[in-house]
Amino acid sequence: MSTDVGAVYRTTLEVLNASGVPTAPTTNVLTVTLPDQTTSLPAITTDSAGEYHVDFPIAQEGLHKFAWVTTGPITSKTDYENGTAFRSVIGLQEARDYLKLQDDSQDEMLRQIMGAATEQAESVVGTCVIRTFTNEQIPGYTRSVIRLPHGPLPTNLSVASITSVWAQGPTWATAALSIYPNTGTVEPLNMQGFWLGPWLATYTAGRTVIPQRVVLAVKEIIWDLWAPVRGLQSDQQEPGLEETSQFDYQLGMLPNYTMPVHARALLEAEASPGFA
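Residues numbered from 1 in each chain as written. Predicted model: local features only at pLDDT ≥ 70, side-chain atom pairs only at ≥ 80, totals over all residues. Heavy atoms only, no water.

### Digging into the sheet that holds strand β14 (residues 185-188)
The condition is simple: Here a strand pair is declared whenever DSSP counts at least two bridges between the two strands. Elements are defined by DSSP. Helices are runs of H or I of four residues or more, strands are runs of E of two residues or more, and each kind is numbered from the N terminus.
Across the sheet, three strands lie side by side as β10-β14-β13; this open sheet has antiparallel pairing. Because the sheet does not close on itself, it has two edges, and the strands there are β10 (146-147) and β13 (177-180). Where β10 meets β14, two bridges bridge the pair, whose relative direction is antiparallel. Bridge assignment links I146 to a residue of β14, and that residue is V186.

Here is the structure:
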C-alpha cells in the first residue's frame, strides 16, 4: 500500500554471497529519487551481517524510487513507493459501517479505495477536499477571465496570486482580484484582463461543506470498488448481486471505469460546468 506523507517507509536489503549466505558487502548505497527528481543518500542501518534497512520519511506526495547497490558482492535492488496525501469526503469508520466491516484488518485497502472513490466524485463535481494548488500553469496570452482548473473555491479570498511566467511580467495578488468561488473563476478588479501569459496560479480549492448527495455517491462508489475484496460467499447457479458487482468491477478495470448509475445521478446534481 502507499505511505502517507509524513509517515516513514521502511525499505530492506539482504545481501547473499555465492553460497547463498548473508554477508557484509564492501560498499552499500541506497539512492532515493524523490517525486521532484532530487535525490537523497540516507544512512543505512545494519541489522546483522548482510541484513540492512532504512526508515525513510516521506515528505513529498508522489512516486519515490529506492535503488540499492552494493559491491563485494555486487547486488542491486530497486523498489518504488507512492507518497500519498490521503483525501476522502468520509471518515474511515463511516466507510467501515457502510461496508459492514467488523474490524480494522483491511483498513489499508479500504483507505486506498476511499481515496479513489473521492477522486471519481471530484472528477464530476470539482474539488471537494480543501487543498492548495501551487504554481499551476494557466495557458494563454490574454484573457478577460481565468477559470481555475480545480474549482470550486472555499471563499472569495482563496486565490493567493496569478503571475505571468515571464521575467518582469505582471502579478495579481488577492487584493487585485475579483474571485467567484462557486464557478472557480477570477478576473482583475480593474476589469482590464490578464495579459502576458501564460500564468502561474496559486490558490486554495475545495468545499467547506460537502453536500450529502456527494457523500452518498462516494459511499456507493466505495461499495462498488470493494466488490472484489468482499468476494463471493458461495457458488450460485445464476449470477447474483455479488457476482454482478464483481463483473462490473472487472469491466471497470478497463480504460474507462464506469461508476454506479445511482452514484453518477447523485453527483450530476452538484456538477459545475467545466468540472464534469
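### Side note on the sheet that holds strand β15 (residues 199-205)
Within a beta sheet, neighbouring strands are joined by backbone hydrogen bonds and run either parallel or antiparallel to one another. Our working rule: Axis lines are fitted through C-alpha atoms, for helices just across the contact stretch, and the angle between N-to-C directions can take any value from 0 to 180 degrees.
Here four strands make up an open sheet; going across it, the order is β9-β15-β11-β12 and the pairing antiparallel. Each end of this open sheet is capped by a strand with a single partner; those strands are β9 (131-138) and β12 (171-173). Direction aside, the axes of adjacent strands within the sheet are offset by 15° on average. Judged from the five bridges that link them, strand β11 (residues 159-164) and β15 form a sheet pairing that is antiparallel. Residue S161 lies in a different strand from β15, and its bridge partner there is T202.

### So, the pattern of salt bridges
Oppositely charged side chains are able to pair whenever their charged atoms sit close together. Definition in use: By convention in these notes, a salt bridge is any Lys or Arg side-chain nitrogen within 4 Å of a carboxyl oxygen on Asp or Glu. Per-residue accessibility, obtained with a 1.4 Å probe over protein chains only, is compared with the maximum for each type, and a residue is labelled buried under 20%, exposed over 50%, and partly exposed between these values.
Enumeration over the complete set of coordinates arrives at 10 salt bridges. R96 serves as the salt-bridge partner of D107, at 2.6 Å between the closest nitrogen and oxygen. Residue D107 is found in helix α2 (residues 107-125), and its partner R96 is found in helix α1 (residues 92-99); the two are separated by 11 residues along the sequence. The exposure class assigned to D107 is buried, which follows from its relative accessible area of 12%. Note that R131 and E122 form a salt bridge whose closest N and O atoms lie 2.9 Å from each other. Via salt bridges that share partners, D4, E108 and R111 belong to a single interconnected network.

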